[in-house]
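The chain contents come next:
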Amino acid sequence: MKAFERIAAVPKANALILPAAAIVALVTQVPLVVTLVLSVVKWIVVRPDLGINFIGLSNYFQIFTSREFYSVVLNTIALTFVSIACCTILGIAFAHMLNRRFPGVNLARTIMIAPFFVMDAVAGIVWKTLMLHPSFGINGLVASWLGVAPVDFLGQHPLLTVVMLVVWQWTPFFVLILLAGFESISEELLDSARVDGASAFRTLFQIKIPAIAAHIEVAVMLGLIFILKTFGVIYVTTAGGPGISSTNLPYIVYRTGFYRWDVGRAAAMAIVTVILTLVTITALFGFVRRKTREAEA
Amino acid sequence: MIGNARIGRRALRGIGIAAIWALCLSFFFPILYMVLTSFKHETDAIPPRLLFSPTLENYRAVLGSGILPHILNSALITLATMLFCIALGVPAAYSIVFGRLKKPDSAFFWFLSTTLLPPVSVIIPVFLLFKFLHLLDTRWGMVIIYTGANIPIAVWMVRSFLKDIPRELLEAADIDGASRARSFFRIILPLARTGIISTALLVFIFVWNEFFFAVNLTYINASPIPVYMASYMTQEGLFWAKLSAISTLTVLPPLVLGWISHKALVRGLMMGAVKG
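These figures come from a predicted structure and were not determined experimentally.

### Regarding the overall build of chain B
Helix and strand content of chain B: 12 helices and zero strands. Mapped in sequence order, the helices and strands of chain B form the string α-α-α-α-α-α-α-α-α-α-α-α. For a compact globule of 276 residues, the expected C-alpha radius of gyration is about 19 Å, and chain B comes in at 24 Å, more than 25% above that figure. A principal-axis box enclosing the C-alpha atoms of chain B has dimensions of 80 × 70 × 35 Å. Within the span of chain B, comprising 276 residues, buried residues form 48% of the whole. A separation of at least 24 residues holds for 82% of the contacts in chain B among residues at least 6 apart in sequence.

### Focus: the environment of Thr88(A)
Within the fold, Thr88(A) resides in helix α4 (residues 67-98). In this structure the C-alpha to C-alpha distance between Thr88(A) and Phe174(A), which are 86 residues apart in sequence, comes to 6.7 Å.

### Topic: the nonpolar core
Grouped together as the largest cluster of nonpolar side chains are 161 residues, with contacts concentrated most on Ile177(A), Leu178(A) and Met229(B). With 15 residues, the single largest contributor to this core is helix α9 (residues 158-184) of chain A. Among residues more than four places away in sequence, those in contact with Leu178(A) are Gly91(A), Ile92(A), Ala95(A), Ile212(A), His215(A), Ile216(A) and Ala219(A).

### A closer look at the interface of chain B and chain A
Between chain B and chain A, the contact holds 77 residues from the first and 76 residues from the second. For the side of chain B that touches chain A, the element with the most residues is helix α12 (residues 240-275) of chain B, which contributes 15 residues. Here the residues of the side of chain B that touches chain A sort into 57 nonpolar, 15 polar and five charged.

### What to know about the domain arrangement of chain B
Residues and elements named next belong to chain B. Splitting chain B by domain gives domain 1 (2-58) and domain 2 (62-275). Taking only C-alpha atoms into account, the centre of domain 1 sits 34 Å from that of domain 2. Those elements that place two or more of their residues in the side of domain 1 that touches domain 2 are α1 (2-38) and α2 (42-45). Residue contributions to the side of domain 1 that touches domain 2 peak at four residues, all from α1. Taken together, the residues that form the side of domain 1 that touches domain 2 break down as four nonpolar, four polar and two charged.

### Comments concerning helix α2 (residues 18-38) of chain A
Residue and element names in this part refer to chain A. Over its 21 residues, α2 runs 28 Å from end to end, which matches the ideal 30 Å to within 8%, given 1.5 Å per residue. Of all bends in α2, the biggest is about 45°, found at alanine 25. Of the positions making up α2, those classed as buried are Ala20, Ala21, Val24, Val27, Thr28, Pro31, Thr35 and Leu38.

### What about unusual backbone geometry?
For the bond from Gly241(A) to Pro242(A), the omega torsion is 0°, close enough to zero to count as cis. Phi angles above zero are rare outside glycine, and Trp261(A) is one such case at about 55°. Turning to its location among the elements, Trp261(A) is positioned in the loop between α14 (249-258) and α15 (263-296). Despite not being glycine, Asp137(B) shows a phi value in the positive range, around 60°. On the secondary structure map, Asp137(B) appears in the loop between α6 (120-133) and α7 (139-163). According to the C-beta neighbour criterion, Asp137(B) is partly exposed, with 16 such atoms within 10 Å.

### Digging into the packing of helix α4 (residues 68-97) of chain B against α7(B)
All names here are of chain B. Two elements in contact, α4 and α7, have axes separated by 6 Å at closest approach and are oriented at 40°. Our classification of the angle between α4 and α7 gives oblique. The crossing of α4 and α7 is right-handed. Partitioned by chemical class, the residues of the contact of α4 with α7 number 21 nonpolar, five polar and three charged.

So, how was this worked out
Along each chain, residues carry numbers from 1 onward, in the same order as the chain's sequence is written. Each chain is given a letter, starting from A, and each ligand a number, starting from 1, according to the order in which they appear as written. Local features in this predicted model are restricted to residues whose pLDDT is 70 or higher, and side-chain atom pairs enter the listing and the counts only when it is 80 or higher, whereas totals over whole chains, interfaces and linings include all residues. By definition, any uninterrupted DSSP run of H or I lasting at least four residues is a helix, any uninterrupted run of E lasting at least two residues is a strand, and each is numbered from the N terminus. The quantity called the radius of gyration is restricted to C-alpha atoms. Its globule counterpart is 2.2 Å times the number of residues to the power 0.38. To sort residues by burial, count the other C-beta atoms lying within 10 Å of each one's C-beta; a count of 20 or more means buried, 12 or fewer means exposed, and anything in between means partly exposed. C-beta atoms are built from the backbone. Residues are scored as being in contact if the C-beta atoms we place from backbone atoms lie within 7 Å. The nonpolar core is taken to be a set of buried Ala, Val, Leu, Ile, Met, Phe, Trp, Tyr and Cys residues joined by way of C-beta atoms within 7 Å. Here the term charged refers only to Asp, Glu, Lys and Arg, the term nonpolar to Ala, Val, Leu, Ile, Met, Phe, Trp, Tyr, Cys and Pro, and the term polar to all other amino acids, Gly among them. The split of the chain into domains comes from an automatic or database domain assignment. To estimate how far a helix should extend, the number of its residues minus one is multiplied by 1.5 Å. Bend at a given residue is defined as the angle between two axes, one fitted to the seven residues that end at that position and one fitted to the seven that begin there. Here an axis means a line fitted to C-alpha atoms, over the contact stretch when the element is a helix, while the angle between two N-to-C directions is reported on a 0 to 180 degree scale. With respect to orientation, any angle under 35 degrees is reported as roughly parallel, any angle over 145 as roughly antiparallel, any angle of 65 to 115 as roughly perpendicular, and every other angle as oblique. The handedness criterion is simple: a crossing whose near helix is rotated anticlockwise from the far helix by less than a right angle is left-handed, and one whose near helix is rotated clockwise is right-handed.

Listed below in structure tokens is the structure:
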């Protein structure tokens, strides 16, 4: 290892990281700093007569004194955590079901992971029309078979609808990762459980699931990062409504920035989103790490 | 007695398998139903009929409806982004794994940390900058933003594949007097080829499906398929069979590529996250 580093590593190779780092910094870090600056100005783009004025933390004060913003934060938290919980449970269940040999298992796995690769726009369209439409969707069909009135998902339960779509799209991702986890469990571990006469139920909860803790952690972390960003399915299905009942943080930033053109306020909301994201991820990461250490101890 | 028990077990297993299949199929059902509807006449789609005589008229209508420029936009933006991500991401991963950076891990985690950033936190400055530089509604603008957004994923994945290459091989090449560039192209690239191709396919999928930047930074000229789909939905939302046909066409490429590359995705993600 040491010898290799002396021979094969050359200082020149360091420069190879620069082009990639430069463009990543250009489209992520630099705009983030600008967003931070914009968050302390009053600037309505469609009202150039008002100009651009420094207003300190007023944007933040306005955000935190508006009840609307708190319900949007709550929507975001509810959407994210309910979705993650469902994805984790369904992910473990499906991965465990598919982690065995049976006729056509590969095809079953293939169709199971498909929704993850379906774009938001299409997922939204298909669910809004073909699946959930109260008259002509599967929703209406099932309701008429059962002889009950169809549920008006988008009108009455908009946030639930968004959760359903997110869970449909992201459960396959959890299955992918957790299935790899189940497959990596060693035969010896399972044999010892069998020798001890543990039931299938106990084996799953006391041996298999702890054994794939790292995989669960990765799936939850990545799921969290991406589900916090949910935008496309909301845009296509509920457009954040009715009212703001299915609006999350990304969507309200979009509304404020590109509908009201209140750039300063939108920037402040975006900064709050960043902080909330980082706090959530750090907290969860710490929690998971602690749990893992406890489990090991 | 013993025979009965065995039959009982087999029946139970059969029921279990059928149940697994039923669950997987119901999860897949929206996609299946979309594909089926795309072959229906509009009159069979609303209200939905179980039995119908299949037709290709929706595909003909859709392909003649002005979607082609948007498919072209999607294809060009996606392919260019894919090439840039690989062309910039592979060297970056190389220098993290084989270079002599002071802190290769911090460089790697810096790339990772940028994926935490919600796109909304950058969209307003990017929009204003693009407006200023006349990059709004251009394919090049989209390629730039997507390249920056996806390089971290490319670095993450490619790094995990480069780490797998036995260092002894490079040492041997060094002793043989092969130049660095030569050993990169003759040893590293062939060994990491499958991983790099999978990474490229994943970047393809992410960019092809991306919605947020596309809807905010393009209007007519450069808008890719997802944006076109969303506006088609508002304008022609009542033509479900045609909607299904467009949807089927546009999800097909990422679905196929996803089925090819998902193993590499899992491997890359787990390597990056667990083994550090």
